[in-house]
Amino acid sequence: LITDSNVAGRHLKPILSALSSAGFEVLPIIIPPGERQKNLRRANAIFTQMIDRGIGRTSSVLAFGGGVVGDLAGFVAATFMRGIPIVQIPTTIIAQVDSAIGGKTAVNHPLGKNLIGAFHQPAFVWTDIAYLKTLAKREIVSGIGEIIKYAVIADEDLFAYLEQHMPDLLALDDEVVFHVLERCSEIKASVVAQDEREHDVRIILNFGHTVGHALEAAGKYRLLRHGEAVLLGMMAESMIARRLGLIDADLQERIFSLIRQVPMRASVDALPLEEILRAMGRDKKNAGSLVRFVLPKRIGEMQIVDGVHGKIVKESVHVGR
Ligand SMILES: NC(=O)c1ccc[n+]([C@@H]2O[C@H](COP(=O)([O-])OP(=O)(O)OC[C@H]3O[C@@H](n4cnc5c(N)ncnc54)[C@H](O)[C@@H]3O)[C@@H](O)[C@H]2O)c1
Ligand SMILES: [Zn+2]
């Protein structure tokens, strides 16, 4: 069982005793929290612990935590003895609606995020929304970034529901959280089922991420949480869609209003535009040298656009909240 110290401090005991009363022999591996742990050196330290304890091909890895733990543990499971099963028990919103579903595992390389990894589908994903109660406010906000993304790319009803229920979602009302997370998980699973290796359909999951990833990188991964960058990225990309005539001003405003309901403190005003644009040029989703955008045509229908004019991109990146 791989987890981090934040999750372990709050939730490890009950799961360990449940596993042991079900007859499992468990080796708990607790890593420090944070994106910086998602690297090959940490993976190797975990391999060493597993080999020392005599873990073999009949064992499984259980990832218990947010996306960092899930990606790292998934990578460990994908490569240990050429691959052993992985079970995901996600404990953040991002992990429950996104990273635990779909089989992408990875560690970071000094030259970029998620560059080393493998596709390795989980044997199953166990989601319990009760874990979310101990999340920091900022992690909830970050998770809502991905939730709004799912609504825009795939589900007009979900979008309208979020417009009505955003305060309840922010307060983690059980009924609202359950409905929203169930719908988002379904969307993610269905997109991945259509296109596991990201040849075509899966690309729509990158709405808000072309600009979002660039903002994250330009902020050295310290300024913004991933979902915060996605919130700002979706505003920028909706503005691009409007300037290209894909959506009208009303729809762009509707997307902006929903995003503005999410209280976010981080600001990118201090980030130099040049830095953001340079980071955008390095995104691994690009087709050749052209920057690739996934843009809305209406709620629930996206279009892939390569090579948006630089002037439009520049004018859209810094849209204020
Ligand atoms: N594989 C994929 O498809 C995919 C998709 C999206 C994101 N990701 C990856 O996921 C990572 C981001 O995930 P994240 O936002 O979950 O980050 P994270 O794992 O760092 O979790 C955020 C913070 O919340 C803490 N935490 C986790 N669960 C908690 C709980 N129940 N109560 C209190 N604190 C808790 C963590 O210790 C951490 O400090 C990134 O590395 C990203 O690349 C992967
Ligand atoms: Zn994302």
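Described in the following lines is the structure provided in the data block. (Residues numbered from 1 in each chain as written. Chains lettered and ligands numbered in written order. Predicted model: local features only at pLDDT ≥ 70, side-chain atom pairs only at ≥ 80, totals over all residues. Heavy atoms only, no water.)

## Examining the nonpolar core
Here comes step 1: Ranked by size, the top nonpolar core spans 73 residues in total, and within it Ile148, Leu162 and Met280 carry the most contacts.
Here comes step 2: Among the elements that take part in this core, helix 9 (residues 226-243) stands out by supplying 10 residues, more than any other.
Here comes step 3: Apart from residues no more than four positions distant in its own chain, Leu162 is found in contact with Ile147, Ile148, Ala151, Leu169, Val180 and Leu258. (Core = buried A, V, L, I, M, F, W, Y, C linked by side-chain atoms within 4.5 Å. Buried < 20%, exposed > 50% of the residue type's maximum accessible area, 1.4 Å probe, protein only. Helix = DSSP H or I, 4+ residues; strand = E, 2+ residues; numbered from the N terminus. Contact = heavy atoms within 4.5 Å.)

## Examining the layout of surface pockets
Here comes step 1: In this structure, the second largest pocket spans a volume of roughly 630 Å³.
Here comes step 2: Considering the residues around the second largest pocket, the lining is formed by 22 residues, among which Phe24, Glu25, Val26, Ser59 and Ser60 are closest to the centre.
Here comes step 3: Residue assignment for the lining of the second largest pocket shows that the elements contributing at least two residues are strand 3 (61-65) and strand 4 (86-90).
Here comes step 4: Each residue belonging to the lining of the second largest pocket can be placed in one class, and the counts come to 15 nonpolar, 5 polar and 2 charged. (1 Å grid on protein atoms, 1.4 Å probe; cavity = no way out; pocket = protein on both sides within 12 Å on 5 of 7 lines; lining within 4 Å. Points joined across faces, edges and corners; volume = space filled by probe spheres on them. Nonpolar A, V, L, I, M, F, W, Y, C, P; charged D, E, K, R; others polar.)

## Structural notes on the site of ligand 1
Here comes step 1: In the vicinity of ligand 1, 26 residues are found, and the nearest of them are Asp4, Glu35, Thr91, Thr92 and Thr134.
Here comes step 2: With respect to ligand 1, the side chain of Glu35 contributes an N or O atom lying 2.6 Å from an oxygen atom.
Here comes step 3: Summarising the interface, the protein chains cover 91% of the accessible area of ligand 1, which totals 860 Å² for the free molecule.
Here comes step 4: Among the elements of the structure, helix 1 (5-21), helix 3 (67-79), helix 4 (93-99) and strand 6 (112-119) are those that each provide at least two residues to the shell around ligand 1.
Here comes step 5: Take the shell around ligand 1: its biggest share by element is 4 residues, from helix 1.
Here comes step 6: Across the shell around ligand 1, the residue classes tally to 6 nonpolar, 9 polar and 11 charged. (Near = heavy atom within 4 Å. Polar contact = N/O pair within 3.5 Å; in protein donor to acceptor, adjacent residues only side chain to side chain. Areas by Shrake-Rupley, 256 points an atom, 1.4 Å probe, with all protein chains shown as cover.)

## Some details on empty space enclosed by the protein
Here comes step 1: One pass over the full model with this rule turns up 3 cavities of 30 Å³ or more.
Here comes step 2: Each pocket or cavity is described by its volume, and for the second largest cavity that value is around 40 Å³.
Here comes step 3: Considering the residues around the second largest cavity, the lining is formed by Gln88, Ser99, Ala100, Gly103, Lys104, Thr105, His120 and Pro122.
Here comes step 4: Among the residues forming the lining of the second largest cavity, the class breakdown is 2 nonpolar, 5 polar and 1 charged.

## Remarks on the packing of aromatic side chains
Here comes step 1: Considering all chains together, one arrives at 2 aromatic pairs under this definition.
Here comes step 2: Geometrically, the ring pair formed by Phe64 and Tyr131 is edge-to-face, given 5.3 Å between the ring centres and 75° between the ring planes. You can see Phe64 sitting in strand 3 and its partner Tyr131 sitting in the loop between strand 7 (124-125) and helix 5 (137-154), a full 67 residues away along the chain.
Here comes step 3: What makes Phe64 buried here is its relative accessible area of 0%. (Phe/Tyr/Trp six-rings, centres within 6.5 Å; stacked < 30°, edge-to-face > 60°.)

## Structural notes on helix 11 (residues 273-281)
Here comes step 1: Along helix 11, the residues classified as buried are Ile276, Leu277, Ala279 and Met280. For helix 11, the angular spread of buried residues about the axis comes to 160°, placing them on one side.
Here comes step 2: Against helix 8 (209-218), strand 8 (292-298) and helix 12 (310-317) lie the buried residues of helix 11. (Arc of directions from axis to C-beta.)

## Some points on unusual backbone geometry
Here comes step 1: Despite not being glycine, Arg82 shows a phi value in the positive range, around 65°.
Here comes step 2: Structurally, the position occupied by Arg82 is in the loop between helix 3 and strand 4.
Here comes step 3: A positive phi angle, close to 60°, is found at Tyr221, a residue other than glycine.
Here comes step 4: By secondary structure assignment, the location of Tyr221 is in the loop between helix 8 and helix 9.
Here comes step 5: Exposure remark for Tyr221: the relative accessible area of 40% places this residue in the partly exposed category.

## Describing the pairing of strand 4
Here comes step 1: The element strand 4 is largely enclosed, with a buried count of 5 among its 5 residues.
Here comes step 2: Residues Ile86, Gln88 and Pro90 line one face of strand 4 and the alternating positions Val87 and Ile89 line the opposite face, and both faces are buried.
Here comes step 3: In this view, the connection linking strand 3 to its parallel neighbour strand 4 by way of helix 3 has right-handed handedness.
Here comes step 4: Pairing of strand 4 with strand 7 involves 2 bridges; the strand directions are parallel. Considered in strand 7, the bridge of Gln88 is made with Val125. (Right-handed = clockwise from strand over helix to strand, strands pointing away. Pairing = 2+ DSSP bridges.)

## Here's the deal with the coordination of the zinc ion (ligand 2)
Here comes step 1: Within the protein, Glu146 (OE), His209 (NE2) and His226 (NE2) serve as the donor atoms for the zinc ion (ligand 2), at 1.9 to 2.1 Å.
Here comes step 2: On the primary sequence, the residues serving as donors to the zinc ion (ligand 2) are separated as E-x62-H-x16-H. Taken together, the positions of His209 in helix 8 and His226 in helix 9 put the pair 17 residues apart, joining distant regions of the chain. Comparing His209 with His226, the two get one shared label, buried. (Donors = N, O, S within 2.8 Å, 3.2 Å for Na, K, Ca; no water.)

## Some thoughts on the pattern of salt bridges
Here comes step 1: One pass over the structure, following the stated rule, counts 23 salt bridges.
Here comes step 2: Here Glu35 and Lys113 are joined by a salt bridge, their closest N and O atoms 3.3 Å apart. You can see Glu35 sitting in the loop between strand 2 (29-31) and helix 2 (40-52) and its partner Lys113 sitting in strand 6, a full 78 residues away along the chain.
Here comes step 3: Of the charged contacts in the structure, one is a salt bridge between Arg243 and Glu315, with a shortest N-O distance of 3.9 Å. With Arg243 in helix 9 and Glu315 in helix 12, the pair connects residues that are 72 residues apart, well separated along the chain.
Here comes step 4: Relative accessible area serves as the criterion here: at 39%, Arg243 is assigned to the partly exposed category. (Salt bridge = Lys/Arg side-chain N within 4 Å of Asp/Glu carboxyl O.)

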